Amino acid sequence: MALRLWASSAANALRVSTAATASRPAFSLLRSFSTAVEGLKYATSHEWVKHEGSVATVGITDHAQDHLGEVVYVELPDVGKTATQGTGFGSVESVKATSDVNSPISGEIIEINSKLTENPGLINSGPYEDGWMIKVKPSNPSELGSLMDAKQYTKFCEEEDASH
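None of these values were measured; they are calculated from a predicted model.

Asker: Before we go on, may I ask you to explain the environment of Ala 56 in this structure?
Answerer: Take Ala 56: it is sitting in strand β3 (residues 55-60). Separated by 50 residues in the primary sequence, Ala 56 and Ser 106 have C-alpha atoms spaced 9.6 Å apart.

Asker: I keep staring at the sheet that holds strand β5 (residues 82-83) and nothing clicks. Help me out?
Answerer: Strand-to-strand pairing in sheets goes through backbone hydrogen bonds, with the strands running parallel or antiparallel. Reading across the sheet, the six strands line up as β1-β2-β3-β9-β8-β5 and stay open at both edges, with antiparallel pairing between neighbours. Both edges of this open sheet fall to β1 (41-42) and β5, since each of them pairs with a single strand only. When β3 meets strand β9 (residues 134-138), the two strands line up antiparallel, connected through three bridges. By the bridge assignment for β9, Val 58 is matched with Ile 134.

Asker: What should I look at first to understand the side chain of Glu 143 in this one?
Answerer: With respect to the helices, strands and loops of the structure, Glu 143 is situated in the loop between β9 and α5 (150-162). It turns out Glu 143 is buried and unbridged, and the closest side chain with the opposite charge, Lys 41, is 13 Å from it. A polar contact is formed between the side chain of Glu 143 and the backbone nitrogen of Ser 106, at a distance of 2.6 Å.

Asker: Whenever I open this one, the packing of aromatic side chains confuses me. Can you help?
Answerer: Centre-to-centre distance and the angle between the planes together describe a pair of aromatic rings. Enumeration according to the criterion identifies four aromatic pairs in this entry. With a centroid separation of 4.6 Å and an interplanar angle of 10°, the aromatic rings of Tyr 42 and Tyr 153 are classed as stacked. Placement of the pair is Tyr 42 in strand β1 and Tyr 153 in helix α5, with a sequence separation of 111 residues. Both residues of the pair, Tyr 42 and Tyr 153, belong to the buried class. A network of ring pairs unites the aromatic residues Tyr 42, Trp 48, Tyr 128, Tyr 153 and Phe 156 as a single cluster.

Asker: How do you make sense of the UniProt feature "modified residue: N6-lipoyllysine" (unreviewed entry) in the protein chain when you look at a structure like this?
Answerer: The residues that UniProt annotates with the feature "modified residue: N6-lipoyllysine" (unreviewed entry) are Lys 96. Assignment of secondary structure puts Lys 96 in the loop between β6 (88-94) and β7 (98-102). Taking the relative accessible area as the measure of exposure, Lys 96 reaches 61% and is therefore exposed. At 3.5 Å, the side chain of Lys 96 forms a polar contact with the backbone oxygen of His 67.

Asker: Can you help me understand the sheet that holds strand β4 (residues 71-75) in this one?
Answerer: What the three strands build is an open sheet, ordered β4-β6-β7; its pairing is antiparallel. Only two strands of the sheet have a single partner each, and these edge strands are β4 and β7. For this sheet, the mean inter-axis angle between neighbouring strands, taken without regard to orientation, is 25°. The sheet contact formed by β4 and β6 spans four bridges and is antiparallel. Following the sheet pairing, Tyr 73 is matched in β6 by Glu 93.

Asker: Teacher, can you tell me more about the nonpolar core here?
Answerer: Nonpolar side chains tend to gather and get buried jointly when the protein is soluble and globular. In terms of nonpolar packing, the biggest core is built from 24 residues, with Ile 123, Met 133 and Ile 134 touching the most fellow members. Per-element accounting of this core gives the leading share, three residues, to β3. Residues contacting Ile 123, with those up to four places away along its chain left out, are Ile 60, Gln 65, Val 71, Val 74, Val 92, Leu 116, Gly 131 and Met 133. Counting residues in hydrophobic clusters, the runner-up holds nine residues, among them Tyr 128, Ala 150, Tyr 153 and Cys 157.

Analysis parameters
- Residues numbered from 1 in each chain as written.
- Predicted model: local features only at pLDDT ≥ 70, side-chain atom pairs only at ≥ 80, totals over all residues.
- Heavy atoms only, no water.
- Helix = DSSP H or I, 4+ residues; strand = E, 2+ residues; numbered from the N terminus.
- Pairing = 2+ DSSP bridges.
- Buried < 20%, exposed > 50% of the residue type's maximum accessible area, 1.4 Å probe, protein only.
- Lys, Arg positive; Asp, Glu negative; His and termini not counted.
- Salt bridge = Lys/Arg side-chain N within 4 Å of Asp/Glu carboxyl O.
- Polar contact = N/O pair within 3.5 Å; in protein donor to acceptor, adjacent residues only side chain to side chain.
- Phe/Tyr/Trp six-rings, centres within 6.5 Å; stacked < 30°, edge-to-face > 60°.
- UniProt positions renumbered as here; feature names shortened; annotations may be inferred.
- Axes fitted to C-alpha atoms, helices over the stretch in contact; angles between N-to-C directions.
- Core = buried A, V, L, I, M, F, W, Y, C linked by side-chain atoms within 4.5 Å.
- Contact = heavy atoms within 4.5 Å.

Structure below.
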């Protein structure tokens, strides 16, 4: 009885359901544990951008790294190259898959996170902090208007996950 009570409490805390319904199979997670950070902008391809002054910092979202799993390799562009909104600038390889990373904003790449070469897992441990990928000098800051805020991105992810 104590074990059943503990399991029920644990399932409740994790928001795990053990009951199957027509809309969700048994043992499904009811809620994603991924986070979106206020003040950032998000692309539908799961990249984020933080625009501060004349610099935009870009990386992949917590949602993306969570779905990828353990990141083992990161390919980054050279400084001085041009990033174009919606176009790939690099890739992330995990134990599950390799994914292209698209730029949410156009501009000149002015810095890359060289720490990712030696420690690609920074993307997993801190996708919005130490796991950033590139810094861009935006050529068209108005492109930020086409991106989602944290609330919109969270809703987008919930709807995307529900459709899979």
